[in-house]
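Coordinates in review
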Amino acid sequence: MPVVSPIFAACWLPGLTLAEPVHFSLVEKLLLASLIAASGWLFWRRFGVIARRILAARKDADFRLFPLGRRCWDFFWEVLCQAKVIRERPLPGLAHAFVFWSFLAFALVTANHVATGFGVGFLDPSGFFGQLYFLIAAIFALACAVSIAGLFVRRFMVRPVWLAHKDQTVSWESGVIAGLIFLLMTTYLGAFFVTDGSLAARLLWWAHTLTLLSFLPLVPHTKHLHLILSPVTVFLSRGSFSRIPPLADDDDFGLVTGRDVTQLTSLQVYSCVECGRCTEHCPAANTGKELNPREIVLGLRGYLNEFGPASEEPLLGRWNSQQAAFQCTTCGSCEFQCPVGIEHLPVIVGLRRGAVNTGEWEDEHGGKLFLALERSGNALGMAHSEREKFISREELPSFDGSQEYCLWLGCMGGYDPKGREIIRSFVEVMRYLGTSYGVMRREKCTGDPARRLGNDLVFQQLAEANLETLAQNKVKKIVSICPHCVRTISEDWKAYGTPPEIEHHSEFLARHQAQLPKNAASQTGQTVFHDPCYLGRYRNVYEEPRAIVRAHGELVEAERSHERSFCCGAGGGLAFLGEEQGARVSETRMEQLVATGATTIGAACPFCNTMFRDALASRGEGVPQLLDIAQIAAAALPRNMKESESLNMQEERREER
């Protein structure tokens, strides 16, 4: 804050000149030094405790600082540019960004302000640089004052539901901090309109100083601790979206007690800004479930505040419930939306791991699923012979190492009737293109549901068995109709070996779109495409499936699409657990899709397909048709191929009866 005559006036009002700065007495200087020391001590008294808790937590065994390039870019883009904050909530995001940028602009001003109190100010108010910098800071101060006032009105008057805590209250701390920030800005701006050396200038200087020194000790006691921690959190992320860290050793069972909480997790939970973006987009929270991703994070913070990182108290109990942890669909909306770098899914899956690997989680459906995966090698618990019958009936060639692609059927493609229809259509397209492919006879489930539900033993067994089979068959490239399989093979299997290259069938189809026919008779009319979570947010594939839809009809978008797509409810193993609380996620999503008025719902995931199939059945007559993008593409192929397809379907239905 400058203690000089107004720069605004000097710039715009002729005849006004700059005066000499205010001079402070020895008593005032001693008082200022004492207040600074007191403010710093009060700040460290709380922040030091938090810093020690974070550093005392268990180290992340797999953390690697290098390479630094991506970390520096993320820091620049997400922290300095505030790009993620603005992109996901443009108006409040821009307001928050102006507050942040004002703090950056004020760093030099504040240092000069304090130095001026001791008579050693380094920004010359009569020089060009000093005048320019004070003017720039004034512009930011004005933007900050307007922004913080707008954010105050939004939080305390408009009051979006996701800003409230689980007790439906809005934190009063935010109001106090907002008031202090507003006062900091107005006392700075006020100095431009008083005469330097006057009593008014001196009072404004001290008002600004006392506000600043009051603000500092409050920061570590409030959610505004993120001002200090979130830049570190963003810089020290785990490196990829929703990455589940490997267990450290045989004694690591996941997040069981405070001793299992790592430094990165501790840093992240203390960085939470309580903005509610995760809650706003969480399918569980939006359908009446107990799960609220923000409360999971704050619950873990509450645990660390009460017990510390060395405690043997269970993490699931008072601060977080087991039921909430197992209601997560692992859609990734929470993590994608978080503006301060919190990785929710490693925490939620970690809590699941702790409950499953120690035998604390008892669920009839979960037990049946794990048993089916162990005994049958597929999540549906069906005999392997059923898959063999399908392969023989469709005359699918066995992969022998000479083909370009290994077609990964997955549980849904190999055993589910509707999933088989998707495989059949995709195979028809591959045959039309002349693409060589084959299927493995001993393929097992990738382990995705076990992985997301926290059963590391079953997942490891499935991953290692599949990796061995792929290596024996010399598989180099895989294509799959299931985004869950693609994610699990490409990322999660890396803990046990090097998986082959894999792509989703939407990527394959889009790449070959120019070679496929566009038959007017196959037009699907208006089609709304549903973005699968594991294809969109996890893999960043959005345009490829839409290219298929556009080639065969008119594409319309749901209100929630692309990165903001609403989950179908199947992820995280929940397709096999059932949904016993609140509205069904699939039916909520179906309402959003049907509301577009589209005649066709396009899907690109067999799990989404089966969830929507059930949701459409409950709506009765007059509902849109549900098609996978492979079925949309296959519908335009020459008729003789479709007739052969129809005969195969009739034969399969007769066998099922």
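Residues numbered from 1 in each chain as written. Predicted model: local features only at pLDDT ≥ 70, side-chain atom pairs only at ≥ 80, totals over all residues. Heavy atoms only, no water.

Across its full length, the chain carries 28 helices and eight strands. When its C-alpha atoms are laid out on the principal axes, the chain stretches across 100 × 60 × 45 Å. The burial tally for the chain puts 57% of its 657 residues in the buried class. When the accessible surface of the chain is split by element, carbon and sulfur atoms take 59% of a total near 27,600 Å². (Helix = DSSP H or I, 4+ residues; strand = E, 2+ residues; numbered from the N terminus. Buried < 20%, exposed > 50% of the residue type's maximum accessible area, 1.4 Å probe, protein only. Areas by Shrake-Rupley, 256 points an atom, 1.4 Å probe, with all protein chains shown as cover.)

This paragraph deals with the nonpolar core. Formed by 96 residues in total, the largest nonpolar core has its most connected members in Tyr270, Leu373, Trp408, Ile478 and Trp493. Each residue touching Leu373, except ones within four places of it in the same chain, is listed here: Asn378, Ala379, Cys445, Pro449, Ala450, Val458 and Leu462. (Core = buried A, V, L, I, M, F, W, Y, C linked by side-chain atoms within 4.5 Å. Contact = heavy atoms within 4.5 Å.)

In spatial order, the strands read β6-β5-β7-β8; together these four strands make up an open sheet with parallel pairing. Since the sheet does not close on itself, it has two edges, and those belong to β6 (554–556) and β8 (625–628), each with one partner. Within the sheet, the average angular offset between the axes of one strand and its neighbour, ignoring direction, is 35°. The pairing of strand β7 (residues 600–603) with β8 spans four bridges and is classified as parallel. The partner of Gly602 across the bridge, within β8, is Leu627. (Pairing = 2+ DSSP bridges. Axes fitted to C-alpha atoms, helices over the stretch in contact; angles between N-to-C directions.)

Time to look at the environment of Asn320. By secondary structure assignment, the location of Asn320 is in the loop between α12 (293–307) and α13 (322–325). Looking at Asn320, the relative accessible area reads 7%, which means it is buried. The spatial distance from the C-alpha of Asn320 to the C-alpha of Cys608 is 29 Å, given a sequence separation of 288 residues. What Asn320 contacts, discounting residues up to four positions off in sequence, is Glu295, Ile296, Gly299, Leu300 and Leu315. Separated by 3.1 Å, the side chain of Asn320 and the backbone oxygen of Ile296 make a polar contact. (Polar contact = N/O pair within 3.5 Å; in protein donor to acceptor, adjacent residues only side chain to side chain.)

The strand order β2-β1-β3-β4 describes an open sheet built from four strands, whose pairing is parallel. For this open sheet the edge positions go to β2 (437–438) and β4 (501–504), each flanked by a neighbour on one side alone. Here strand β1 (residues 405–408) pairs with strand β3 (residues 477–480) via three bridges, running parallel. Following the sheet pairing, Leu407 is matched in β3 by Val479. Most of the contacts of helix α19 (residues 417–433) go to β1, to which it runs at about 165°, and overall it touches β1, β2 and β3.

Taken as a whole and judged by the stated rule, the model has zero disulfides. Cysteine Cys72 shares no disulfide, and the gap to the nearest cysteine sulfur, in Cys81, comes to 13 Å. Here Cys568 stays free of any disulfide, with the sulfur of Cys608 as its closest cysteine sulfur at 3.7 Å. (Disulfide = S-S within 2.5 Å.)

The next point concerns the pattern of salt bridges. Across all of its chains, the model carries 32 salt bridges by this definition. Across the pair Asp252 and Arg58 runs a salt bridge, and its minimum N-O distance is 3.9 Å. A residue pair is termed long-range when its members are at least 10 positions apart, and Asp252 in the loop between α9 (226–235) and α10 (263–271) and Arg58 in the loop between α2 (26–56) and α3 (68–80) qualify at 194 residues. For the salt bridge of Glu491 with Lys494, the shortest nitrogen-to-oxygen distance reads 3.9 Å. Classification of Glu491 by relative accessible area gives partly exposed; the value is 33%. (Salt bridge = Lys/Arg side-chain N within 4 Å of Asp/Glu carboxyl O.)

A separate point is the side chain of Ser174. Here Ser174 lies in helix α7 (residues 172–190). Among the residues examined, Ser174 registers a relative accessible area of 7% and is labelled buried. Each residue touching Ser174, except ones within four places of it in the same chain, is listed here: Arg155, Phe156, Lys223 and His224.

Turning to the pairing of β1, a few remarks are in order. Here β1 shows two buried faces, one formed by Tyr405 and Leu407 and the other by Cys406 and Trp408. Where β1 lies against β2, two bridges are found, and the strand directions are parallel. Across the sheet, residue Cys406 finds its bridge partner in β2, namely Gly438.

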